[in-house]
Amino acid sequence: MINTLNTLNTNDFSRDVGLRLRAIREAHGYSQRELAKRAGVTNGFISQLEAAKINTSLSALKRVLDGIPIGLSEFFAYEPERQEQVFFGVDELTEIGKGNISYRQVGNSLFGHELQMLYEVYEAGADTGRVMLSHEGEEAGIVIEGRLEVTVGEQRKVLGPGDAYLFKSSIPHRFKALRNGRCVVVSACTPPTF
């Protein structure tokens, strides 16, 4: 799976590293911010690494793992238990968003799962940022409440309640709630990349 010993650059491997890091971090009771401080890296680096949005060298990964502390061999041997819970109450959804966008995920750990399901709430005017998102996989969503501007590549459309989207996530994309009210979306992506 590794193309070189120095760079982890296959999408599946990056996703595995991200999910594994998140599971180990949570098992040790560290927030992303706390682990970043302990490892001497930025909070954004930990966030992007866990979301498989960046490739990293083994030396950079080792530096992060030193903040736990855990060695590379123990890290790659770690097999978190797959979550077997089937039903989730509204208070059991895991908040993984921040700021003006709430992303409430079905299930705590997605290690070993192929699908990620989110209940998204965008405050009026909230967006995913100027930089377009891009990652492997597919995603789909249905607007439940409000209006959401969705940009996928060169296409842009404002969606309202009942409208939906489906696209390859490798196409640069962006989401933005209109300024006149909040927007609620139920979405799914595969593989889990958030």
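On a predicted model such as this, the values are computed, not experimentally measured, just so you know.

*Asks:* I tried to follow the pairing of strand β6 (residues 138-145) on my own but got confused; where do I start?
*Replies:* Each regular strand shows side chains that alternate between the opposite faces of the sheet. The pairing of β6 with strand β9 (residues 164-168) spans 5 bridges and is antiparallel. By the bridge assignment for β9, I142 is matched with A164. The pairing of β6 with strand β11 (residues 183-190) spans 7 bridges and is classified as antiparallel. Residue pairing for β11: I142 is matched across the bridge by V186.

*Asks:* Explain unusual backbone geometry here, please?
*Replies:* A negative phi angle is the norm for most residues apart from glycine, just as the trans form is the norm for most peptide bonds. Backbone torsion omega between I68 and P69 reads -15°, so that peptide bond is classified as cis. Looking at where P69 falls in the secondary structure, it is placed in the loop between α4 (58-66) and α5 (72-77). A cis amide bond links T190 to the next residue, P191, at an omega of -5°. Here P191 lies in the segment after β11.

*Asks:* Help me out: how do you make sense of the nonpolar core in this one?
*Replies:* One recurring pattern in soluble globular proteins is that nonpolar side chains are buried together. Among the nonpolar cores identified, the biggest contains 18 residues, and L21, V64, I68 and F75 are the most heavily contacted of them. Listing elements by their share of this core, those giving two or more residues are α1 (11-27), α2 (32-39), α3 (43-50) and α4. Leave out the neighbours within four places in its chain, and I68 touches L21, I24, H28, Y30, L35 and R38. With 16 residues, the next largest nonpolar core counts Y103, L159, F167 and V185 among its residues.

*Asks:* Can you walk me through the pattern of salt bridges in this structure?
*Replies:* Side-chain pairs of opposite charge can arise whenever the charged atoms involved come near each other. Inspection of every chain in the model, using the stated rule, returns 8 salt bridges. The salt bridge partner of E50 is R25, with a shortest N-O separation of 2.6 Å. On the criterion of sequence distance, the pair formed by E50 in helix α3 and R25 in helix α1 is long-range, its members being 25 residues apart. When its relative accessible area of 7% is taken as the criterion, E50 is described as buried. Each of R22, R25, E26 and E50 takes part in one network of salt bridges that share partners.

*Asks:* Just to check I follow, could you spell out the sheet that holds strand β8 (residues 155-159) for this structure?
*Replies:* What holds strands together in a sheet is hydrogen bonding between their backbones, with the strands either parallel or antiparallel. Taking strand neighbours across the sheet as the criterion, the 3 strands line up as β8-β7-β10 in an open arrangement whose pairing is antiparallel. Of all the strands in the sheet, the pair left with one neighbour each is β8 and β10 (173-177). Pairwise comparison of adjacent strand axes, ignoring direction, gives a mean angle of 15° for this sheet. Taken together, the 5 bridges between strand β7 (residues 148-152) and β10 define a ladder with antiparallel strand orientation. In the sheet register, V150 faces β10, and the bridge partner there is F175.

Scoring rules and cut-offs
Within every chain, residues take consecutive numbers counted from 1 along the sequence as written. With pLDDT at 70 or above as the cut-off, local features in this predicted model cover only qualifying residues; side-chain atom pairs require 80 or more to be listed or tallied, and sums for whole chains, interfaces and linings still use all residues. Based on all heavy atoms of the structure, the side-chain values leave hydrogens and waters out of the count. In this description, strands pair whenever DSSP reports at least two bridges between them. Helix numbers and strand numbers start at the N terminus; a helix is a DSSP run of H or I with at least 4 residues, a strand a run of E with at least 2. Take the buried Ala, Val, Leu, Ile, Met, Phe, Trp, Tyr and Cys residues and link them wherever side-chain atoms come within 4.5 Å; each set so joined is a nonpolar core. The buried label goes to any residue with under 20% of its type's maximum accessible area, the exposed label to any with over 50%, and the partly exposed label to all in between, with areas taken from a 1.4 Å probe on protein chains only. Here, residues are in contact when the closest pair of their heavy atoms is within 4.5 Å. Take a side-chain nitrogen of Lys or Arg and a carboxyl oxygen of Asp or Glu: if they are within 4 Å of each other, that pair is a salt bridge. The axes are straight lines fitted to the C-alpha atoms, using for helices just the contacting stretch, and the angles between their N-to-C directions are given from 0 to 180°.

Spatial relationships are all this shows, so hold off on functional conclusions.
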